[in-house]
Amino acid sequence: MGTVIVAASILAADFSRLGDEIHRVEAAGADWIHCDIMDGHFVDNISFGPEMVGRVRGLTSLPLDVHLMIEHADHYVPRFIKAGANSITVHVEPEAKHSVAKTLQQIRDAGCRAGLTLNPETSFDSVEPFLDKIDMLLVMTVHPGFGGQSFRADQMQKVKRARSLSSRIDIEVDGGINDETARISIETGANVLVAGTSIFHATDSSVCVTRTTSSMVVLPSATRRQPS
Ligand code: DX5
Ligand code: ZN
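Residues numbered from 1 in each chain as written. Chains lettered and ligands numbered in written order. Predicted model: local features only at pLDDT ≥ 70, side-chain atom pairs only at ≥ 80, totals over all residues. Heavy atoms only, no water.

S.K.: Whenever I open this one, the overall build of the protein confuses me. Can you help?
M.R.: Helices and strands together make up the secondary structure of the protein, namely seven helices and 10 strands. Across the 228 residues of the protein, 54% fall into the buried class. In the protein, the share of contacts with a sequence separation of at least 24, taken over all contacts with a separation of at least 6, comes to 66%. Carbon and sulfur atoms make up 50% of the accessible area of the protein, which amounts to about 9800 Å² in all. (Helix = DSSP H or I, 4+ residues; strand = E, 2+ residues; numbered from the N terminus. Buried < 20%, exposed > 50% of the residue type's maximum accessible area, 1.4 Å probe, protein only. Contact = heavy atoms within 4.5 Å. Areas by Shrake-Rupley, 256 points an atom, 1.4 Å probe, with all protein chains shown as cover.)

What follows is the structure, encoded as C-alpha cells:
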C-alpha cells in the first residue's frame, strides 16, 4: 500500500474559529477534511449540513470527505455535491432508508467519489456485494454519532477481509484513531485514517500530523487531550 491519507474530522474542531482550526491542520499535514453529517435520526446526534460544508469549501482547497450519517441520503446528496464534496460516504444499514446501489450510482454520476460504510455491529457481508461499485470502504471503529470514543480493534477483521478482496479501493477507518491505533489500522490494510479528537484537541498545536514513512503515520502523544 502506498501513501497513507490523514482525514481530519472537524467534528472535534472549535466551530467558533473554524477557519483557524482548518488552517492549523492544513499546516500540520492533514490531507483531507472529514465532514461528519448527523441528522438526529440515523444517529443520536446532530452536527451540521450542506451550508456548513460550503463554508468549509471556501476555507480550504483540501479534498472534502463527507460522511453522511443520515436517513434518505439520496435526497441530500445533490446539496453536498453542490457544496463542494469530493467524496461522499453513505451507510449500508437498512435504518439509513435508501437504496444503497442507487445512491452510490447517483454519487458517481455526479463525478464524486463514492464511499460505503458500516457500523461496528453490521456484518461485512452487507457491504461485500458493493465492493466493485465503490471507491472507498469506511470501516467504523466506533459506533457513529460522537467523537472521542475508544477504538474497537475487533473491527480490524473487516479491514483485513476488504483488503484481501480489493487492492483498488481506499479503506478508511473512523473513530478512536491515535498514534497507536493508526499503526494497527495501517498494518491491517487501511490507507485512510480519520482523526478528530487526537488532532484538534492537541495541546501542541504546532505538531498535529506527522507522516514518517509511507507505511506509518504517527500522531504524537503530545497531541492527545490532556486530562483536566
Ligand atoms: C463518529 C464520526 C467520526 C468522529 C471521529 O461518528 O464519524 O468521524 O468524528 O472522532 P474521533 O477521532 O474523536 O474518534
Ligand atoms: Zn466520520
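S.K.: Help me out: how do you make sense of the site of ligand 1 in this one?
M.R.: Taken together, 20 residues are adjacent to ligand 1, and Asp36, Gly145, Asp174, Gly196 and Thr197 come closest. Side-chain polar atom of His34 to an oxygen atom of ligand 1: 3.5 Å apart, as the coordinates give it. Backbone polar atom of Gly196 to an oxygen atom of ligand 1: 2.8 Å apart, as the coordinates give it. Relative to its free-state accessible area of 380 Å², ligand 1 is covered by the protein chains to the extent of 98%. Where the shell around ligand 1 is concerned, the elements lending two or more residues are β2 (32-38), β3 (64-69) and β8 (192-195). (Near = heavy atom within 4 Å. Polar contact = N/O pair within 3.5 Å; in protein donor to acceptor, adjacent residues only side chain to side chain.)

S.K.: For this particular structure, what's the right way to read the coordination of the zinc ion (ligand 2)?
M.R.: In a perfect tetrahedron of four donors around a metal, the angles come out at 109.5 degrees. In a perfect octahedron of six, they are 90 or 180 degrees. Around the zinc ion (ligand 2), the protein contributes the donor atoms His34 (NE2), Asp36 (OD), His67 (ND1) and Asp174 (OD), which lie 2.0 to 2.3 Å from the metal centre. Here the zinc ion (ligand 2) is ringed by six donor atoms whose angles at the metal span 67 to 166 degrees, and the overall shape comes out octahedral. Sequence spacing of the donor residues for the zinc ion (ligand 2), all on one chain, is H-x1-D-x30-H-x106-D. With His67 in strand β3 and Asp174 in strand β7 (residues 170-174), this residue pair connects regions lying 107 residues apart in the sequence. As far as burial versus exposure is concerned, His67 and Asp174 are alike and both buried. (Donors = N, O, S within 2.8 Å, 3.2 Å for Na, K, Ca; no water. Tetrahedral: all angles 85-135°; square planar, octahedral: opposite > 155°, others 65-115°.)

S.K.: I would appreciate a short explanation of the pairing of strand β4 (residues 87-91) in the present structure.
M.R.: A regular strand places its side chains so that they alternate between the two faces of the sheet. Taking burial as the measure, the five residues of β4 include five buried ones, the bulk of the element. Of the two faces of β4, the one holding Ser87, Thr89 and His91 and the one holding Ile88 and Val90 are both buried throughout. Where β3 lies against β4, three bridges are found, and the strand directions are parallel. The residue bridging His67 from the neighbouring strand is Thr89, located in β4. (Pairing = 2+ DSSP bridges.)

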